[in-house]
Amino acid sequence: MTVGIVGAGITGLALTQYLRERGVDAVAFEATAEPGGVIRSTTVDGRVVEHGPQRTRLTPEIESLIEACGIEANVRTADPDLPLYVYADGRLRQVPFSPREFLTTDLLSTRGKLRMLAEPLTEGANDDETAAAYFVRKFGKEAYHNVIEPLFGGIYGSDPAEMPGKYALQTISRMERSGSLLRAAIRRQLDGKDRKPPVSFDDGMAQLPRALYEHNADRVELETPVEGIETAGDGYRLDTAAGPRTVDRVVLTPRADVTADLLSGVAPESAGALRRLRYNPLAYVHLVSDTEPAGYGYQVRHDESLQTLGVTWNTSLFDRDGVYTCFLGGMGNPGLVDRSDEEIGRIAKTEFESVLGVSAEVVNITRHRRGIPAYDGSWTAMEAVDLPEGITLASNYTGRMGVPARVREGKRLAERFASEAETETEPDRDRVAAEATG
Ligand SMILES: Cc1cc2nc3c(=O)[nH]c(=O)nc-3n(C[C@H](O)[C@H](O)[C@H](O)COP(=O)(O)OP(=O)(O)OC[C@H]3O[C@@H](n4cnc5c(N)ncnc54)[C@H](O)[C@@H]3O)c2cc1C
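Treat the numbers as computed from the prediction; the structure is a model and nothing was measured.

## Re helix 5 (residues 131–139)
Then, number 1: Taken together, the buried positions of helix 5 are occupied by A131, A132, Y134, F135, K138 and F139. In an axial view of helix 5, the angular spread of the buried residues amounts to 160 degrees, which keeps them on one side of the axis.
Then, number 2: At the exit of helix 5 stands G140, carrying a positive phi of roughly 95 degrees.

Shown next, in the form of structure tokens:
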């Protein structure tokens, strides 16, 4: 069996590596000259800046990829106990992650805290409600407004009131199976599942996909976009810039609109549905400041008069020479990414300076016009996606978005293909054995 993988972002690269480990033949095609997809790190004036993800959790799967590539010495680990803040009512307030922080935080009133504790008495998720309605019902309006909306909405740059629970709450629904989210969260803490430290690498997040690429360079073709997919016998022909390649299975990892173009020949209806999925536009502004407060950073409450959605304190997390990454835009401010560099930079700098009371300089601006899957009402289009056998979508719009989840999906798929390859070779083996014994 040969698996053809479109895209060498972290999903495609993890899949390539796991298939190698399982002895399954694979070839990955990457349109650009760089592996890593949205994971991109560069150096500006000697400082590492992250244009995509700022960090990942050190899950067992990511640890095993790091070991396979031999980059253990380059891992930078942040203190998992660093505080995370929400900017609310004009100042930074600490998000509670432990029972002691829950008792002392000023993000919630006593009444708000008591309402949160009533969560085990509430009913589970139902498919017809939005993420916002679900969270308000579970934890009360105050906890939603002050904690959940800035954190959950902040991750996607979305408004949870626009996010159907059926698509946006899949992980949470799984956690809820034990009966209560609070109980599940406490159990995760006790089991250490929430204690996996945030990590990056000496050269930034992109060091992991680069190392994975180098480890699998014989199976990854850079600067080789796939331009079309056609059926060919029991498999598929990938039309690439370097010529056609026939494969038995196809895995598509690019964004939904790009994938739609590739599927238009073999699955036109699914292609039409994928084109409807919306992504939220984001602008990243990298600032440098002499101040070094300790923490992950902060998210901004929805009703504050700032355009900044949140700020990662890279310098505190990974010792990045005064670098801070500000996120602006999202579903509520889609036109922001179209403003000039000067304007976006000025907004981020002024708001950062007013929140932290320190001065900062803009060193870089990055735009993601189709950045983060919105998980909004457009996701109902996924109901119309029905692909021919042998074609699989594996990307951040079909499953969870974070790097650990992308890597896990690569591993799950490799296991599935390895087992299918095994089953498909069994009849051959039986035939050879029968012929040998006459
Ligand atoms: C701005 C941003 C910030 C994020 N922050 C975090 C974070 O802090 N922590 C975290 O865990 N996760 C974060 N995420 C999520 C996570 O980084 C992504 O979900 C993940 O990296 C996506 O990887 P992927 O391989 O599935 O897709 P992609 O990275 O999009 O890779 C797809 C690849 O396909 C290639 N391609 C496209 N068209 C073709 C073609 N025709 N032929 C061949 N190749 C093609 C592309 O060039 C690209 O390399 C963030 C995501 C974004 C966008």
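## A short note on the domain arrangement of the protein
Then, number 1: Each assigned domain of the protein is listed with its residue range as follows: domain 1 (2–39 + 60–68 + 199–277 + 379–427), domain 2 (95–195) and domain 3 (279–373).
Then, number 2: One C-alpha centre belongs to domain 2, the other to domain 3; they are set 25 Å apart.
Then, number 3: For the domain 2 and domain 3 pair, buried surface summed over both sides reaches about 920 Å², with 56% attributable to carbon and sulfur atoms.
Then, number 4: At the boundary of domain 2 with domain 3, the tally comes to 0 salt bridges.
Then, number 5: Where domain 2 meets domain 3, there are 8 residue pairs in polar contact (both at pLDDT 80 or more).
Then, number 6: The residue makeup of the side of domain 2 that touches domain 3, split by class, is 4 nonpolar, 5 polar and 3 charged.

## Regarding the packing of helix 1 (residues 10–21) against helix 10 (residues 207–215)
Then, number 1: Running from N to C, helix 1 and helix 10 cross one another at 40 degrees; their axes reach a closest spacing of 10 Å. The orientation of helix 1 relative to helix 10 falls into the category oblique. The way helix 1 lies across helix 10 gives a crossing that is left-handed. In this structure, helix 1 uses I10, L13, A14, Q17 and R20 to contact helix 10, whose residues at the interface are L208, P209, L212, Y213 and H215.
Then, number 2: A class-by-class count of the residues in the contact of helix 1 with helix 10 yields 7 nonpolar, 2 polar and 1 charged.

## What about the pairing of strand 15 (residues 279–288)?
Then, number 1: The buried fraction of strand 15 is high, at 10 of 10 residues.
Then, number 2: Taking every second residue as pointing to the same face, both faces of strand 15 are buried, with Y279, P281, A283, V285 and L287 on one and N280, L282, Y284, H286 and V288 on the other.
Then, number 3: Pairing analysis gives 9 bridges linking strand 15 to strand 19 (residues 361–373), with the strands arranged antiparallel. If you follow H286 over to strand 19, its bridge partner there is N364.

## Some details on the sheet that holds strand 20 (residues 391–393)
Then, number 1: One open sheet holds the 5 strands; their spatial order is 10-2-1-14-20, and the pairing between them is parallel. Either end of the sheet is taken by a strand with one partner, and the two such strands are strand 10 (220–221) and strand 20.
Then, number 2: Relative to strand 20, strand 14 (residues 249–252) is paired through 3 bridges, and the arrangement is parallel. Across the sheet, residue L252 finds its bridge partner in strand 20, namely L393.

## Quick look at the sheet that holds strand 6 (residues 75–77)
Then, number 1: Here 3 strands make up an open sheet; going across it, the order is 5-9-6 and the pairing antiparallel. At either margin of the open sheet sits one strand with a lone partner, and together these are strand 5 (56–57) and strand 6.
Then, number 2: With 2 bridges connecting them, strand 5 and strand 9 (residues 198–201) associate as antiparallel partners. Counted as the bridge partner of T56 is V199 from strand 9.

## Here's the deal with the side chain of E304
Then, number 1: Within the element layout of this structure, E304 appears in the loop between strand 16 (297–300) and strand 17 (308–312).
Then, number 2: Residue E304 is classed as buried on the basis of its relative accessible area of 15%.
Then, number 3: Aside from chain neighbours lying at most four places away, what touches E304 is Y87, A88, D89 and G90.

## Description of the site of the ligand
Then, number 1: Surveying the vicinity of the ligand reveals 33 residues, the closest of which are T11, E30, V226, M401 and V403.
Then, number 2: In this structure, R55 approaches the ligand through a main-chain N or O atom, which is 2.9 Å from a nitrogen atom.
Then, number 3: For the ligand, an oxygen atom lies 2.8 Å from a polar atom in the backbone of V403.
Then, number 4: When the ligand sits alone it has 1,000 Å² of accessible area, and the protein chains cover 88% of it.
Then, number 5: Broken down by secondary-structure element, the contributors of at least two residues to the shell around the ligand are helix 1, strand 19 and helix 15 (403–436).

## Things to note about the nonpolar core
Then, number 1: By size, the foremost hydrophobic cluster in this structure holds 62 residues, and its most contacted members are F135, F152, I229, V250 and L252.
Then, number 2: For this core, the element with the highest residue contribution is helix 6 (residues 141–156), accounting for 7 residues.
Then, number 3: The contacts of I229, once residues within four sequence positions are left out, are Y236, R237, L238, V250, L252, L262 and V266.
Then, number 4: Listed in part, the 36 residues of the second largest apolar core include L15, L19, I39 and L65.

## A word on a negative patch on the surface
Then, number 1: Together, D290, E292, D319 and D321 make up a region of like negative charge exposed at the surface.
Then, number 2: The residue D321 is located in the loop between helix 13 (314–318) and strand 18 (323–329) in this model.
Then, number 3: Its relative accessible area of 45% is what places D321 among the partly exposed residues.

## Regarding the packing of aromatic side chains
Then, number 1: Evaluation of the coordinates by the stated rule reveals 10 aromatic pairs.
Then, number 2: A centroid spacing of 4.9 Å and a plane angle of 35 degrees characterise the contact between Y375 and W379, whose relative ring orientation is tilted. Both residues of the pair, Y375 and W379, count as buried.
Then, number 3: These aromatic residues form a ring-pair network of at least three members: Y134, F135, F152, Y156, Y375 and W379.

Each value, and the rule that gives it
- Residues numbered from 1 in each chain as written.
- Predicted model: local features only at pLDDT ≥ 70, side-chain atom pairs only at ≥ 80, totals over all residues.
- Heavy atoms only, no water.
- Buried < 20%, exposed > 50% of the residue type's maximum accessible area, 1.4 Å probe, protein only.
- Helix = DSSP H or I, 4+ residues; strand = E, 2+ residues; numbered from the N terminus.
- Arc of directions from axis to C-beta.
- Domains from an automatic or database assignment.
- Buried area = accessible area lost by both parts, 1.4 Å probe.
- Salt bridge = Lys/Arg side-chain N within 4 Å of Asp/Glu carboxyl O.
- Polar contact = N/O pair within 3.5 Å; in protein donor to acceptor, adjacent residues only side chain to side chain.
- Nonpolar A, V, L, I, M, F, W, Y, C, P; charged D, E, K, R; others polar.
- Axes fitted to C-alpha atoms, helices over the stretch in contact; angles between N-to-C directions.
- Parallel < 35°, antiparallel > 145°, perpendicular 65-115°, else oblique.
- Left-handed = near helix turned anticlockwise from the far one by under 90°.
- Contact = heavy atoms within 4.5 Å.
- Pairing = 2+ DSSP bridges.
- Near = heavy atom within 4 Å.
- Areas by Shrake-Rupley, 256 points an atom, 1.4 Å probe, with all protein chains shown as cover.
- Core = buried A, V, L, I, M, F, W, Y, C linked by side-chain atoms within 4.5 Å.
- Patch = residues over 30% accessible without salt bridge, like charges linked within 9 Å, V, L, I, M, F, W, Y side chains within 5 Å.
- Lys, Arg positive; Asp, Glu negative; His and termini not counted.
- Charge placed at Lys NZ, Arg CZ, Asp CG, Glu CD.
- Phe/Tyr/Trp six-rings, centres within 6.5 Å; stacked < 30°, edge-to-face > 60°.

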